[in-house]
Every structure is written in C-alpha cells, then in structure tokens.
Amino acid sequence: MNASEDSSPRIPRRTVLKWFAATTAALNTPGFSNFPADAAAAEASGVAAATGYGTDPKVNQIYNPGDFWPLTFTPEQKKTATALADVILPADDFGPAASSLRVPDFIDEWVSAPYGSQQNDAKVVIPGLKWIEDEAQKRFSKGFADLTPEEQTAICDDICWPRNAKPEFKEGARFFDKFRQIAAGAYYSTPEGWKAIGYVGNLPLVQFDGPPQEVLDRLGVTQTVA
Amino acid sequence: MPIIESKQAAQEYDVIIVGSGAGGGQTAYTLTLAGLKCAMLEAGRDYSPEMETAMFQAPNQAPLMGVSTPDKPFGFWDATVDGGWEVPGEPYTQASDDPGSKFTWWRARMLGGRTNHWGRISLRNGPYDFKPYSRDGLGFDWPISYEELEPYYTKAEMLVGVFGTNEGMENTPNSPPGVLLPPPKGRAAELYAQKHAKKAGVPIVSIHRAVLTKTLDADTIPAKLHPGDKKAQKIVGDAMRARAACFWATPCGRGCSIRANYQSTTVHLPPALATGNLDIIPNAHAREVLIDGKGKASGVLFIDKTTGKEARVKARAVVLAASSGETVRILLNSKSAQFPDGLANSSGLVGRYIMDTVGASLGGQIPALENLPPHNEDGAGGSHFYSPWWLYKEQLAGKLDFARGYHIELGGSRRMPGGRSPVSADSSEGAYGTRLKEEARRYYGSHVGFSCRGEMIPNENSFAELDPDVKDKWGIPVLRWHWKWSDHELNMATHATKTFAAIIEAMGGTVRGTVKTGKDAIDFGGSIIHEVGGALMGADPKKSVCNAWNQTWDVNNLILSDGTAFPSNADKNPTLTIMALAWRNAEHLIEEMKKGNV
Ligand SMILES: Cc1cc2nc3c(=O)[nH]c(=O)nc-3n(C[C@H](O)[C@H](O)[C@H](O)COP(=O)(O)OP(=O)(O)OC[C@H]3O[C@@H](n4cnc5c(N)ncnc54)[C@H](O)[C@@H]3O)c2cc1C
Ligand code: SF4
C-alpha cells in the first residue's frame, strides 16, 4: 500500500487508473467531438469526473458497482439505504436480505451514475434518505437503521403507496416508490433473486421442451408445436 | 484473416463493397465464392461475436444492472457497438420539429452492422407484396415478381438457417419442404394467447427466425447452394460445421458466440474470408463513389478513421450496402461535373420514398398467467409465435379504412428478470417486505405485449436530402429527414391497438395504460428500424434509380444491395428480402462482368 491508495479509501486505485485510462482514450480518439468540458476541467483539477462507460465498453466481462464511476453515498446514506433495502426485501423463505446481495451498492451505483435518467432518480433518492432519517428522529429520536422493525414499519406504512399517502407524506412516498423500484430491480438481478421470483434459465439445454404438462393443464392449453 | 488496414489495400479489386451488414455480407459471400477479388469498406471497427459476446452474464454483473443508457440504448450487453439513435460526431437533422414529422435513425458502426443485434425475424414477402400498385393503385410495383426472387429466398434460408412452419396462409409463402428448421415449442403466454386470440379472430402461428434449432446439414446444403462447385461447397460446408445449434439460453440480442443465429459476422463473412478473396478494411468510412472519364464507377473515396485522412481504393464495380439512409447519403455526396446532383440521380429520385414500418403496441396483464409453477422459458432467445396479416379478404371487400397489412409480434415469457422492478407501486398497493416478494412472484410472467409491424406506403413527404449546413466530424454533409404518415398508416395503428385490446380481453386480462389511436398510437418514423427505399428499383429509368438487378440506371457498374432499392415495404421485416436481393444482384453482376458489360 502506498500513500496514494490510502488517500482515497472508497475508490480503489486500480479504478482510478481505469477512469484515467478511459479519459485519455477519449481524448485521443480522432475527432471525438462531444467530450464534456466539465469532465476535462475536472481532470485538470485532479479529480476523476464521472463519465459513462461509452459506446463501446468491453461487455464480455464481470463488473462491480464502482468500476465505471465512483460511488457517492456518504456512510450515513449507505447506512440508511441498507436498512431500508432490508425492510423492503428482507430475509425470508423466498431468499436472503437485500443487503447480503449488495443491493445497497447497486443503489449507490445508480444514484452516482452520470446519466440523466439516473441523475433524476438521485434527485429523489438522496433527499429522500434524509427525509426518512429526519422522520425517524422526529418520531422515535433514533436513526432509521436503529429503529425496531415495528417502528420502521410504522414509517413505511405511511409512505409505501403514493396514491394513498397523506399530503404530509407525499415527498416520502415519492421517494419510497423510487427507492423500491431500484432496490427490487437490483434484487431480482441476482441468481438468488431469480430463485425468489421463479426464474429458471440461463443454462444451456440440449432441447427445449416448453412448459411442463402441469402448466399446460392449469392454463387449459395444449402444446401446439410438435 | 484478411482484416487489413487501408494502407495494405491492393492496387485494384474486382468489386468494392461498402458496408458489412446483411446486404454487404451476402454480396461478399456470393462474389468471393465465385472467385471475385473484393474489398469491403466498413465504417465501424472489427468485431468478433465469438470473443466479445456477453452470453451468460447476469444483470448484477453489469453497470446499472444492464439497463439501457444513452451510451447503450438497448442495454449494456446489446451487441450493437458504437451505435444507436445517436452516433457521436455523426449527426442527422430533421426538417421539421412537428412530432408527427420526426424521423429517428438507428445506426450501427461495427463489422456486421445491425445484424449483430437484430431480432432475427425472417419473413418472405408474398406475391402481392411485389405488385402492390397493381392490386390497389397505391405506391409502386417491383420490377420483379415473387417467383423471380423465390429461389434466392430459399437459398438464403438454407444458408443462414431459419426455423418456422409452412402455414399456407394468403400472401404468406411456404418455403419448399425441408428448407425450414423445426420451430421451437410454444411458451405458456404464447400458447395462451394463441388459444384465446381466436375469439378475436386473430390466428397465431410459429414465427420464422434465423436461429439454428438444429445444426445445418453441412453434407447436403452446400451442394444445393453451389452445384458443381466443389471448392465453394467445401468452404461453405466447413463454415456450417463451425456453427452450433441453439442451446436455449441467452438472449439473441446480445449476439451469439456459438454462431447459432444469423449475424453477418458469424455466417456470411467467415466463408467469404475463407475464400482468400476478401479484404475487409474496418474503420473505413466511405465518403463518395469515384467516377472515371467515361462516367463509370472506378472506386471509393473514404476516411480512414484511424488516421482521419482520406484514402482511395479502386475497383471494376462498386456495391453500396451501407443501410438505406447511408447509401442515399453517399450517392448524394458523390457530386461531380458529370453528376452535379449526386450520383445515379438523373431521375431526381435519390433519397425519395423512404419507408419505415408502422409500429404501435399495447401491453396487458393476464391473471391466468399469475403464479405459474417455475419453469424454463428462455427458448430461442426471442419470440416463437406471431400473427401473419389475416384480413386480406376483408381489405379486398373494402371493409377496412387502410390499404395494406400488418403482422403482430407478441411477447410474453418468463425471461431473465433484473434491472427494472418486476412490480410497480400501483399494481401491488405499495407492497414491501415478504408481501413484495409474493407479488413479484405472482406477477412475473403474467405480462404480455403486442406490437404492430405494418406496411407503410411510400409517399412524397417522406424522404432524405443533404442538409445544406450541417456536416459530420469529417466535414461530410449529413442527411436531413422529412417524414409524414398518411391516413393509411394512422388508421392501421388504430386498428392494431384496438385488436390488441380485444386479444387481451379475450385472454381475460386488463390493458396496461390506455388504448391509443392514430397519431398517438403510431411510433415515430424510423423507430422500428426497418428504413428502406430512397433509390427505388423499377422498369422505367425516368421513374426509378435502379433496374431489376439494382444496377443504377445511370452507372451500370454501381449496384445498391441493401434496402435502398425497395419500391415498397411490406409488413414482413426486410432483412431476408435484402439478402435474397443481394444474392440475386451479385449473381447478375458476375454474369455481366463475365460478358464484359460491366
Ligand atoms: C433492434 C433491431 C431489431 C431488428 N429486428 C429485425 C428483425 O427481426 N427482422 C428483420 O428483418 N430486420 C430487423 N432489423 C433490421 C435489420 O437489422 C436490418 O434490416 C439489416 O441489418 C439491414 O442490413 P444492411 O446491410 O442494409 O444494413 P446494416 O446491417 O445496418 O449494415 C450497414 C453497415 O454499413 C456500415 N456503413 C454505414 N455507412 C458507411 C459508410 N459511409 N462507409 C462504410 N460503411 C458504412 C455500417 O457501419 C454497417 O455496418 C432490426 C434492427 C434493429 C436495430
Ligand atoms: S438463444 Fe440460442 S441462438 Fe440465441 S443467442 Fe442464445 S444460444 Fe444463440
């Protein structure tokens, strides 16, 4: 370990090098006309600015949150997000808790992304994490992560369904909805999530048999392809 | 493999082919197997599906769980490289900001072009589709008939491998016995839709897609494709043996590393390269076709994107297959004293009559499909069933308020989840905790979607021209698009969404969202990514750009072998027809070169 690695514990040095390489490659591309000025300025100031993965990322590879752009949750935000993700997707008979499948990291990656759609989501999620913290303090004088399950449920019940939320909970409800969407998207992106939802596949087969008889019977259909 | 840099190019070739997609790939295949020396210019980079495809990656192994972004509009693993609705540094413009006039242009910049990603739906045009004007007085007839193109459809199907069934439906041709590969079994949602759509009068049958449901018969097919030519048979047989059968997993849109579906890069280009007669120059962006003193095409001027400098390559004939819009652009940019309005444009018709496909869609949620026992429905990486147009009789009897047909592509399966939440807040009354997981399991696989793919009739208001002001990053003028749907297309979109609602109702389901009509229902021009036309083939040099073999009337050693020459755009997706035409054009070019006419 050297000093430069220590200085930025949340961003592994190899990742920074990767961003740097990507930036340099972009600058070297002849005629590359849409290199964002703010990214160039950020690089000049020594900060790796977040750019997307470009139109030709190496796709046949395995990536982790943080590989393309830095994760930006503060430790407090991460703590709240982890607790809330586990309330929304707890450990149960269907499968493990969200946090054990790195769902909070995926949410962090999402709200830290340099793309417009995710940046719009971040405008709801980041203030929302503060809203739910404040709400926990207001009601129970504790952080959301430190509440009992009953206390967490009391807050979540007020904000879980935007259509029914009272006016004072509208902001919280908008946040909860967005957070739940991202968290569930991440949860069901994992093999454990696939098991929980009943997806069977991504395995090479010698032949494709179609739905089993049990399914055909339930639907009242017959297989029409010989 | 002779993938070369521009400075390694030979002094002169027999033929230069611009573009490496379905049209360019088929052209290279046919010409090089016949012994012609060819150079292929491809604007994008070299690309290897065998090495680069993300076959089994799960969404939690991709940034943003693989969802679409401006960098990768069809998701992280989409086979499209350096492409999309926008290509950095290569803009296009719109003549009008009226939403109804919008044209959105999907381009791929890579070896193999859009065939790396495409949906693989491979339908033959029917006999009516070649003579639409004669049937209803609208648009234009083709200068060829179905019977003339039929042998090439058969050859293309045998070469690339297409599964499906012969249903004998009106204007939906059967293939000769033994040509199609076995269709895959129906999935739960597809079978359920098939049964209940009958109540809405809609037949649902096996679709045709370019996926190997079993390996190709490499011992017999090559002799049928290249009778009497042992060398060609050997090369093609070897290429067929290098393709595995589909293993019923992994979405085809990512591409296929085992070569089980059609991509130009896995099917057309390997045998063409194996002949030793093909040099592929990637990163070579064709700017204009060069003309000699006699008004013949003599080569192509291109930008070597690795250096940004201009380079030239010479040949006895030039085939353009850069995709319709881009082929039009190259022609219009090939201006000279002899051809001041662009090449092959004495009719003034280059860029005119561009067509896309009519798109409109509707989704539904089907309670009968809820909570089904888990089972594997990955299947052949895309749809297994569709509805060919079924109302020819009603249309003929004047019962419909639009002239041409559409087919229905249906989606519904227990495909790989991830990225987007399987449950929306509204459908589950705010469920969280274990109840959310119950809801996810309940709704998973219960959603169906129906899309209209319909025929657009060519019109005066849908065309492309050079923008007088805007240039790309190399200073080449770009295209400006004009677009307008006629009432035929708008009424078709209305008919389609109402039909979809009826099917969803017949399935006992509920429509998601509202059933839109007319201009609210139809997708933007270009968004179905079936742009064809712009240099129509015809029988009269004053009223068309190309003859029946897609030689341009003005320059007979210049051939257009993508969709540019289509005089109509049947509801059938265009690519199989592009291949069949390209094959036929190439055979004719070989004959003409032998005779010394070209
Ligand atoms: C999402 C999607 C789904 C589709 N699904 C289907 C389907 O199911 N069935 C169907 O029939 N069709 C489908 N299509 C359409 C299909 O991909 C095209 O019809 C087909 O690829 C056309 O082949 P082409 O050779 O004309 O063009 P392309 O495949 O686009 O190839 C053109 C090539 O030319 C290159 N090029 C462009 N300009 C230049 C230049 N100036 N110099 C050098 N090279 C140049 C490009 O980089 C590209 O590689 C789909 C397309 C998309 C994107
Ligand atoms: S479904 Fe079959 S053809 Fe499609 S990518 Fe997977 S293995 Fe290849």
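Residues numbered from 1 in each chain as written. Chains lettered and ligands numbered in written order. Predicted model: local features only at pLDDT ≥ 70, side-chain atom pairs only at ≥ 80, totals over all residues. Heavy atoms only, no water.

A. Fine view of the overall build of chain A. Counting its secondary structure elements, chain A contains 10 helices and zero strands. Across chain A, helices and strands are ordered from the amino to the carboxyl terminus as α-α-α-α-α-α-α-α-α-α. (Helix = DSSP H or I, 4+ residues; strand = E, 2+ residues; numbered from the N terminus.)

B. Local environment of the sheet that holds strand 15 (residues 477-482) of chain B. All names here are of chain B. The three strands are arranged 3-15-14 in an open sheet whose pairing can be described as mixed. Whereas interior strands pair on both sides, the edge strands pair on one side only; in this sheet they are strand 3 (93-94) and strand 14 (463-471). Contacts from helix 10 (residues 324-333) reach strand 14 and strand 15 within the one sheet, and its direction differs from that of strand 15 by about 125 degrees. (Pairing = 2+ DSSP bridges. Contact = heavy atoms within 4.5 Å. Axes fitted to C-alpha atoms, helices over the stretch in contact; angles between N-to-C directions.)

C. Fine view of the site of ligand 1. All names here are of chain B. For ligand 1, the set of nearby residues contains 37 residues, the closest of which are Glu42, Arg114, Ala286, Glu326 and Thr575. One of the backbone N or O atoms of Gly119 is found 2.8 Å from a nitrogen atom in ligand 1. Here ligand 1 loses 96% of its free accessible area of 990 Å² to cover by the protein chains. At the level of elements, helix 1 (22-33), strand 6 (284-291), helix 10 and helix 15 (575-595) are the ones that each hand at least two residues to the shell around ligand 1. It is strand 6 that contributes the most residues to the shell around ligand 1, three residues altogether. Class assignment of the residues belonging to the shell around ligand 1 gives a composition of 18 nonpolar, 13 polar and six charged. (Near = heavy atom within 4 Å. Polar contact = N/O pair within 3.5 Å; in protein donor to acceptor, adjacent residues only side chain to side chain. Areas by Shrake-Rupley, 256 points an atom, 1.4 Å probe, with all protein chains shown as cover. Nonpolar A, V, L, I, M, F, W, Y, C, P; charged D, E, K, R; others polar.)

D. Quick peek at the interface of chain B and chain A. Taken together, the contact pairs 85 residues of chain B with 84 residues of chain A. Of the roughly 7,100 Å² buried where chain B meets chain A, counting both sides, 61% is carbon and sulfur surface. The interface formed by chain B and chain A holds two salt bridges in total. Where Asp92(A) meets Lys437(B), a salt bridge forms, and the shortest distance between an N and an O atom there is 3.1 Å. Run the count over chain B and chain A and you get 38 residue pairs in polar contact (both at pLDDT 80 or more). A per-element tally of the side of chain B that touches chain A places helix 12 (residues 434-443) of chain B first, with six residues. Residue classes in the side of chain B that touches chain A are distributed as 40 nonpolar, 24 polar and 21 charged. (Buried area = accessible area lost by both parts, 1.4 Å probe. Salt bridge = Lys/Arg side-chain N within 4 Å of Asp/Glu carboxyl O.)

E. Here's a closer look at the domain arrangement of chain B. Residues and elements named next belong to chain B. The domain boundaries assigned to chain B delineate domain 1 (6-164 + 209-357 + 458-485 + 528-595) and domain 2 (184-206 + 359-454 + 486-521). Centre-to-centre, using C-alpha coordinates, domain 1 lies 31 Å away from domain 2. At the interface, 32 residues of domain 1 touch 29 residues of domain 2. A combined buried area of about 2,400 Å² lies between domain 1 and domain 2, and 61% of that area is made up of carbon and sulfur atoms. When the buried surface of domain 1 facing domain 2 is broken down by residue, Trp248, Trp485 and Asp571 rank first, second and third, together holding 24% of it. Applying the counting rule to domain 1 against domain 2 returns one salt bridge. Where Arg404 meets Asp136, a salt bridge forms, and the shortest distance between an N and an O atom there is 2.7 Å. The tally of links from domain 1 across to domain 2 stands at nine residue pairs in polar contact (both at pLDDT 80 or more). At three residues, the largest contribution of residues to the side of domain 1 that touches domain 2 is made by helix 4 (residues 132-136). Considered class by class, the residues forming the side of domain 1 that touches domain 2 number 17 nonpolar, eight polar and seven charged. (Domains from an automatic or database assignment.)

F. Region of interest: the side chain of Asp129(B). Residues and elements named next belong to chain B. Tracing the backbone shows Asp129 in helix 3 (residues 127-130). By relative accessible area, which is 6% here, Asp129 ends up buried. Side chain to side chain, Asp129 and Lys572 meet in a polar contact 2.9 Å long. Setting aside chain neighbours within four positions, we find Asp129 in contact with Trp142, Asn171, Glu455, Ser568, Ala570 and Lys572. (Buried < 20%, exposed > 50% of the residue type's maximum accessible area, 1.4 Å probe, protein only.)

G. Molecular detail of the nonpolar core. Val18(B), Leu41(B), Leu225(B), Leu320(B), Tyr406(B), Phe450(B) and Leu558(B) are the most contacted members of the largest nonpolar core, which has 150 residues in total. When residues of this core are sorted by domain, at least three fall in each of domain 1 (6-164 + 209-357 + 458-485 + 528-595) and domain 2 (184-206 + 359-454 + 486-521) of chain B. The contacts of Leu558(B), once residues within four sequence positions are left out, are Val289(B), Val318(B), Leu320(B), Leu331(B), Leu343(B), Ala344(B), Asn550(B), Gln551(B) and Thr552(B). Residues Ala85(A), Leu64(B), Val423(B) and Ala440(B) belong to the second largest nonpolar core, which totals 67 residues. (Core = buried A, V, L, I, M, F, W, Y, C linked by side-chain atoms within 4.5 Å.)

H. Geometry of the site of ligand 2. All names here are of chain B. In the region of ligand 2, 14 residues are neighbours, and Cys246, Ala249, Thr250, Cys252 and Cys256 sit closest. When the residues that make up the shell around ligand 2 are grouped by side-chain class, the tally is nine nonpolar, five polar and no charged. Among the domains, domain 1 (6-164 + 209-357 + 458-485 + 528-595) and domain 2 (184-206 + 359-454 + 486-521) are the pair contributing at least three residues each to the shell around ligand 2.

I. Region of the structure containing the packing of aromatic side chains. Under the criterion given, the structure shown has 37 aromatic pairs over all chains. With centroids separated by 5.5 Å and ring planes inclined at 65 degrees, the aromatic side chains of Tyr29(B) and Trp583(B) adopt a geometry described as edge-to-face. Pair noted here: Tyr29(B) is in helix 1 and Trp583(B) is in helix 15, with a separation of 554 residues, a long-range link. Taken individually, Tyr29(B) and Trp583(B) each receive the classification buried, so the pair is uniform in this respect. Through pairs of rings, three or more aromatic residues link up here, namely Tyr53(A), Tyr63(A), Phe68(A), Trp69(A), Tyr115(A) and Phe76(B). Over the ring of Tyr128(B) we find Arg135(B), and its NZ or CZ is 3.7 Å from the ring centre. Here Arg352(B) stacks its cationic end above the ring of Phe463(B), 3.8 Å away from the centre of that ring. (Phe/Tyr/Trp six-rings, centres within 6.5 Å; stacked < 30°, edge-to-face > 60°. Lys NZ or Arg CZ within 6 Å of the ring centre and 35° of its normal.)

J. Seen up close, the pairing of strand 10 (residues 358-365) of chain B. All names here are of chain B. Most of strand 10 sits inside the fold, with six of its eight residues counted as buried. With eight bridges connecting them, strand 10 and strand 13 (residues 447-454) associate as antiparallel partners. Pairing of Val358 across the sheet is with Gly454, part of strand 13. One ladder, built from three bridges, connects strand 10 with strand 16 (residues 510-512); its direction is antiparallel. For Gly364, the partnering residue across the bridge sits in strand 16 and is Val511.

K. View of the confidence of the model for chain A. Here chain A shows a mean pLDDT of 84. Residues at 70 or above account for 78%. Ignoring residues within four places in sequence, the model shows residues 1-48 of chain A, a span with pLDDT below 50, making 38 contacts including any to other chains. (pLDDT = per-residue confidence, 0-100.)

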